[in-house]
Amino acid sequence: LILLDVMMPEMDGYEVCRRLKAGPATREIPVIFLTARTESEDVIAGFAAGGVDYVAKPFHDRELLARVRTHIGLQRARAALASANATKEKFLSLIAHDLRGPLGTLAMGLEAVLSPEMDEAMRRDLLERLHAGAKRLFALSESLLDWARMQREQMSVKPVPLDLLAVAREQAGLLTDVAQAKNVTITVDDQTPGLALADVAMMATLVRNLLGNAIKFTPAGGTITVSGETQAGRISLGVRDTGVGMSAEQLARLFDLARITSTPGTAGERGSGLGLIMCREFARRNQGELAITSEPGQGTVVRLTLPAVG
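Since the structure is predicted, the reported quantities are computational estimates derived from the model, not experimental observations.

Draft legend 1. Structural context of the pattern of salt bridges. Summed over the entire model, instances satisfying the criterion amount to 11 salt bridges. As a salt-bridge pair, D125 and R129 come within 3.2 Å of each other at their nearest N and O atoms. Taken together, the positions of D125 and R129, both in helix α4 (residues 120-151) and 4 residues apart, correspond to about one turn of that helix. The exposure class of D125 is partly exposed, given its relative accessible area of 38%. For E281, the salt bridge is made with R285, and the minimal N-O distance between the two is 3.0 Å. In this pair, E281 and R285 are both assigned in helix α9 (residues 275-285), 4 residues apart and thus about one turn of the helix distant. One connected set of salt bridges, linked through shared partners, spans E15, R18 and R19.

Draft legend 2. Up close: the packing of helix α5 (residues 164-174) against helix α7 (residues 200-216). Across the interface, α5 lies against α7 with an axial gap of 9 Å and an inter-helix angle of 60 degrees. Between α5 and α7, the angle falls in the class oblique. As for how α5 packs across α7, the hand of that crossing is right-handed. Between α5 and α7, the residues in contact are L164, V167, A168, Q171 and A172 and M203, A204, V207, R208 and L211, respectively. Along the lines of polarity and charge, the residues of the contact of α5 with α7 split into 8 nonpolar, 1 polar and 1 charged.

Reading guide: rules and limits
Residues numbered from 1 in each chain as written. Predicted model: local features only at pLDDT ≥ 70, side-chain atom pairs only at ≥ 80, totals over all residues. Heavy atoms only, no water. Salt bridge = Lys/Arg side-chain N within 4 Å of Asp/Glu carboxyl O. Helix = DSSP H or I, 4+ residues; strand = E, 2+ residues; numbered from the N terminus. Buried < 20%, exposed > 50% of the residue type's maximum accessible area, 1.4 Å probe, protein only. Axes fitted to C-alpha atoms, helices over the stretch in contact; angles between N-to-C directions. Parallel < 35°, antiparallel > 145°, perpendicular 65-115°, else oblique. Left-handed = near helix turned anticlockwise from the far one by under 90°. Contact = heavy atoms within 4.5 Å. Nonpolar A, V, L, I, M, F, W, Y, C, P; charged D, E, K, R; others polar.

Take a look at the structure:
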């Protein structure tokens with residue numbers, strides 16, 4: 001916030017304010033005029049130049065501080081609202097983009113299945129592909145709903161003792177068909193490092209997303225290795241793949257909702273781009289963290305760290 005006098009040499013406060021409001025880096029900064037010029041036309045000129053308030057000299061300390069606090073509060077509220085609106089618009093665009101395509105494909109596929117010209121073998125093959133697409137669409141809608149519930153603070157955390165490697169084995173089993181279709185091998189360590197304290201449903205969704213991402217960006221014949229370890233009262237789960245990896249620039253924008261994009265997988269798979277953002281949020285709500293290291297062509301390691309029981 002800027003406190004600005006009106007009567008100054010060379011350039012008066014009104015012109016200073018106009019120039020501040022013309023610059024992209026300074027236009028959003030609130031300006032309060034603090035001046036001995038208190039005629040009505042002076043006040044009007046101050047607001048016309050872009051000021052948010054007008055305080056007369058001599059001023060009272062408490063009154064000035066109260067106005068400063070008020071306008072800083074309003075400025076923060078505007079910034080929060082702008083951020084929320086940007087997030088909402090991005091979320092809606094993701095829904096529109098990522099649901100429209102699969103739904104359109106599903107609709108056209110079902111129309112083709114109903115065609116009397118299609119033979120039974122082709123019909124069965126198409127139905128199997130449509131079934132796989134419907135399952136991916138369901139998983140996407142679940143992720144979007146989880147994200148929406150999380151933003152509305154409707155998801156409560158219920159931490160219980162949890163074997164993260166057992167969760168990984170269960171989720172890997174659910175993704176067997178997807179992994180086999182790409183000839184990707186998933187190996188989960190059978191030695192449990194200990195129990196973590198976390199919400200079961202959130203961890204199932206989180207680990208499923210991590211494994212799904214690893215499959216998505218690992219080419220045919222690749223491997224995914226899941227391991228666990230304990231250190232200083234923390235339990236960690238590591239998911240390492242032999243996939244395409246990421247550049248430093250890609251890593252930098254992974255958790256930036258304003259710059260999020262949906263990158264196709266090695267077999268052209270699509271996603272919402274929300275998966276890792278949601279995973280990090282789930283980790284943090286369980287007093288944990290998500291760390292990612294990666295290099296182009298060298299694969300990626302995602303490590304989830306959570307409090308250990310006791």
